[in-house]
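Structure at a glance
Residue-level listing of the chains:
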Amino acid sequence: MEDAKEVCPTTTQKLLKDGAILVDVRERDEIDALAFDVPSLIIMPMSELESRFAELPKDVPLILACRKGVRSLKATYFLMFHGYTNVTNMKFGIERWVVRGFPVKGDPGVLENAPDTGCCSG
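Residues numbered from 1 in each chain as written. Predicted model: local features only at pLDDT ≥ 70, side-chain atom pairs only at ≥ 80, totals over all residues. Heavy atoms only, no water.

Observations concerning the confidence of the model for the protein chain
The condition that has to hold: Note: pLDDT gives the predictor's confidence per residue, expressed from 0 to 100. Any two residues whose heavy atoms approach within 4.5 Å are treated as being in contact.
Counting all residues, the mean pLDDT for the protein chain is 92, and 92% of those residues have values of 70 or more. Every residue in residues 117-122 is under pLDDT 50, and counting partners more than four places away or in other chains gives 15 contacts.

Thoughts on the nonpolar core
Nonpolar side chains tend toward joint burial in soluble globular proteins. Put simply, the test is: To qualify as a nonpolar core, a set must consist of buried Ala, Val, Leu, Ile, Met, Phe, Trp, Tyr and Cys residues joined through side-chain atoms within 4.5 Å. When accessible area is computed with a 1.4 Å probe and restricted to protein chains, residues below 20% of their type maximum are described as buried, those above 50% as exposed, and intermediate ones as partly exposed. For helices the rule is a DSSP run of H or I covering at least 4 residues; for strands it is a run of E covering at least 2, with both sets numbered from the N terminus onward.
In terms of nonpolar packing, the biggest core is built from 16 residues, with Val23, Leu56, Leu62, Leu64, Leu79, Tyr84 and Val87 touching the most fellow members. Counting only elements with at least two residues in this core, the list comes to β2 (21-24), β5 (62-65) and α4 (70-81). Broken down by element, this core gets its largest block of residues, 3 residues, from α4. Beyond its immediate chain neighbours, meaning those up to four positions away, Leu79 contacts Phe53, Leu56, Leu64, Tyr84 and Val87.

Let's talk about helix α1 (residues 9-17)
Selection rule: Within this analysis, the arc is defined by the directions that extend from the helix axis to the C-beta atoms.
Considered for burial, the residues of α1 that qualify are Pro9, Thr12, Gln13 and Leu16. Here the buried residues of α1 occupy an arc of 105 degrees about the axis, which is enough to place them on one side. In α1, those exposed residues whose orientation departs by more than 90 degrees from the buried face are Lys14 and Lys17. Of the surrounding elements, those touching the buried residues of α1 are β1 (5-7), β2, β5, β6 (87-90) and α5 (93-99). Downstream of α1 by one or two residues, Gly19 has phi in the positive range, about 115 degrees.

So, the pattern of salt bridges
For the record, the criterion: Salt bridges are counted wherever a side-chain nitrogen of Lys or Arg sits within 4 Å of a carboxyl oxygen of Asp or Glu.
Overall, the coordinates contain 8 salt bridges when judged by the stated rule. In this structure, Arg71 and Glu30 form a salt bridge, with 2.8 Å as the shortest nitrogen-oxygen distance. Pair noted here: Arg71 is in helix α4 and Glu30 is in helix α2 (residues 28-33), with a separation of 41 residues, a long-range link. Per residue, the accessibility class of Arg71 equals that of Glu30, and both read buried. Of the charged contacts in the structure, one is a salt bridge between Asp37 and Lys105, with a shortest N-O distance of 4.0 Å. Taken as a pair, Asp37 in the loop between β3 (34-36) and β4 (41-43) and Lys105 in strand β7 (residues 104-106) lie far apart in primary sequence, 68 residues in all. Residue class for Asp37 comes out partly exposed when judged on its relative accessible area of 33%. Overlapping salt bridges, with partners in common, bring together Arg28, Glu48, Arg52 and Glu55 in one network.

Spelled out as structure tokens, the structure:
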């Protein structure tokens, strides 16, 4: 299998404007505390990915994101293994997204005050 494509949050912004969809694979409690504020967003936690991935479109570019980019990279490879060809991982996750000042809903301070709680968050 080829290496997964990866982009930074700044490039992600451009790709979203060009029609890509952001897929947040963080768990729901993480998203409840701090969420990406973008119009094209699908919530698909890692704990649900295996049973729900077929809901994701194959005809639209997908950018997968999590807190740091580790879980979303695993999810990117999972989708590639299942025939998705237009998937990209967002390196550095919502942590870098917040640093860059991109739109979020919730309190960015939760990133500093809470430990990584997601599976395999690295």
